[in-house]
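# Topology and contacts: notes
Each chain, written out:
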Amino acid sequence: MNEAPGSSSAPPAQSVVAASAGARHAARNYAIVTAAYWGFTLTDGALRMLVLLHFYRLGYSPFTLAFLFLLYEAAGVLANLVGGWLATHYGIARMLAVGLVTQIVGFVLLSALDPGWTAAMAVAWVVVAQGICGVAKDLTKTASKSAIKITQSQVQTEAKEQARGGSQGQLFKWVAWFTGSKNAMKGIGFFLGGVLLETLGFRGALWAMAGLLALVLAGVLLSLPPMMGKRQASRSVRELFAKNPGINALAAARVVLFGARDVWFVVGVPVFLYSVGWTFTMVGTFLAAWTIGYGLVQALAPQIVRRSADGLSNEVPAARLWSALLAVIPAALAVAVWLQVPNLEWVVVGGLGLFGFAFAVNSSVHSYLVLAYAGSEKAAEDVGFYYAANALGRFLGTLLSGLLYQWGGLLYALIGSAVMLLICWLVTLALPLAREDSARAAP
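Residues numbered from 1 in each chain as written. Predicted model: local features only at pLDDT ≥ 70, side-chain atom pairs only at ≥ 80, totals over all residues. Heavy atoms only, no water.

### Section: the overall build of the chain
When its secondary structure is counted, the chain shows 14 helices and 0 strands. Ordered by position in the sequence, the α and β elements of the chain form the string α-α-α-α-α-α-α-α-α-α-α-α-α-α. Burial status across the chain gives 57% buried among its 443 residues. Of the contacts formed within the chain by residues at least 6 apart in sequence, a portion of 88% connects residues at least 24 apart. Per element, the accessible surface of the chain, about 17800 Å² overall, is 69% carbon and sulfur. (Helix = DSSP H or I, 4+ residues; strand = E, 2+ residues; numbered from the N terminus. Buried < 20%, exposed > 50% of the residue type's maximum accessible area, 1.4 Å probe, protein only. Contact = heavy atoms within 4.5 Å. Areas by Shrake-Rupley, 256 points an atom, 1.4 Å probe, with all protein chains shown as cover.)

Below, the structure written as structure tokens:
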């Protein structure tokens, strides 16, 4: 039980030293979690390219390719909700390890795919294995981002001991760097997946990635405290879903934000570029470069968005502004596609670059805000709830990407993206400018 303010018998100098040591320990844990998530994301990006290229080469249609990823995305909704509760109950480090083990299991199952199976059996097997990998991804993401909130709370304690303030700026920097570097690693993973498929083949690539994750798992088990982030978890479904207004609004915005990206990015852009004469290598390299650039912009978001002392008064208006700007881009591209402007593929490429910049800033601000709104006592549950919405958005975007492209090509996909982003902007208008500090405190 924490002592009341001012009741500590430790001299002030000793308190400062203890707080400084705690902050250094927190920074160490942050670095370990980030490195572990880098390793996971590298293999996750490679997996997407492996499945996409391998099965397209076998003659699967664009909609079937989208279908292969549906359970992967859908599994993340439940995985985030349950993972957040489990991380609160059993500790973040344990759930990070469970996520890594689950991904290894998914790789092993995919490697058992038999070329002699019928198409229906092969699709069913891949969908199930992808679903397991989807669970792994979101367990790992929830645990990793929850760890940032926990470590930031320790840094905040040090800031109060030494010179009040500054911790919210540190949180924004940590979240932006974590999210941006993760997406840069995913882009590298896209490239790695293509290389491994060419050099080791489908099965060999999966075994190589499973071996890499085994090394990451060993590092997590040996270096992180297993009870890190353990708190009193919610005792009912109603309590689990009783989030504060900020997290509720962010979750709703996240659904349509990521749906708006995937509705034209998952199937529409790769198939469109291939249809106008691009090779597989050109498409894969472009998507990798886009994802790496997107991650770099996310990491730089704290330099783009002016920060405030309270962590919300500048950041919330920024979320609204960048959502409005983002909605304009797919709408303008839809007009270009409808008019069939000259050099259309390069117009789409340039538009995707602008979209990536604005989307990266949006995503980074949203990822920061959920931790700013979250209570430190049950941060894992708050983050899990938020990223369940993220997974739901990816699921809807992936599904609509195949359907809209099949119905009306890239034009319909872009219109769908613009509509979703308009909804996203409207939802951000409900974001509160003040934090509920007492929300959901542990009993």
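### Side note on the environment of Arg48
Looking at the element boundaries, Arg48 is found in helix 1 (residues 12–57). Along the sequence, Arg48 and Gly189 sit 141 residues apart, while their C-alpha atoms lie 8.6 Å from each other.

### Overview of the nonpolar core
Ranked by internal contacts, the top residues of the largest apolar core, which has 71 residues, are Trp264, Phe355 and Leu369. Every element with two or more residues in this core is listed here: helix 8 (245–265), helix 9 (268–275), helix 10 (280–299), helix 12 (315–339), helix 13 (344–373) and helix 14 (379–428). Of all the elements, helix 13 adds the most residues to this core, at 16 residues. (Core = buried A, V, L, I, M, F, W, Y, C linked by side-chain atoms within 4.5 Å.)

### A look at the packing of aromatic side chains
One pass over the full model with this rule turns up 12 aromatic pairs. With a centroid separation of 5.1 Å and 65 degrees between ring planes, the pair formed by Trp117 and Trp125 is classed as edge-to-face. Members of the aromatic cluster, connected to one another through ring pairs, are Phe258, Trp264, Phe265, Trp290, Tyr294, Phe355 and Phe359. (Phe/Tyr/Trp six-rings, centres within 6.5 Å; stacked < 30°, edge-to-face > 60°.)

### Here we look at the pattern of salt bridges
As enumerated under the stated definition, the model contains 1 salt bridge in all. In this structure, Arg261 engages Asp262 in a salt bridge whose closest nitrogen and oxygen atoms are separated by 2.8 Å. By relative accessible area, Arg261 is classed as buried at 10%. We classify Asp262 as buried; its relative accessible area is 3%. (Salt bridge = Lys/Arg side-chain N within 4 Å of Asp/Glu carboxyl O.)

### Overview of the confidence of the model for the chain
Regions with low pLDDT should not have their predicted coordinates read in detail. Confidence along the chain averages 78 in pLDDT terms, with 77% of residues attaining 70 or more. For the chain, the element scoring lowest by mean pLDDT is helix 7 (residues 237–241), at 53; helix 12 scores highest, at 94. Note that pLDDT drops below 50 for residues 1–10; the model gives that stretch 2 contacts with residues more than four away or on any other chain. Confidence over residues 437–443 falls short of pLDDT 50; this stretch has 14 contacts with residues more than four positions distant or in other chains. (pLDDT = per-residue confidence, 0-100.)

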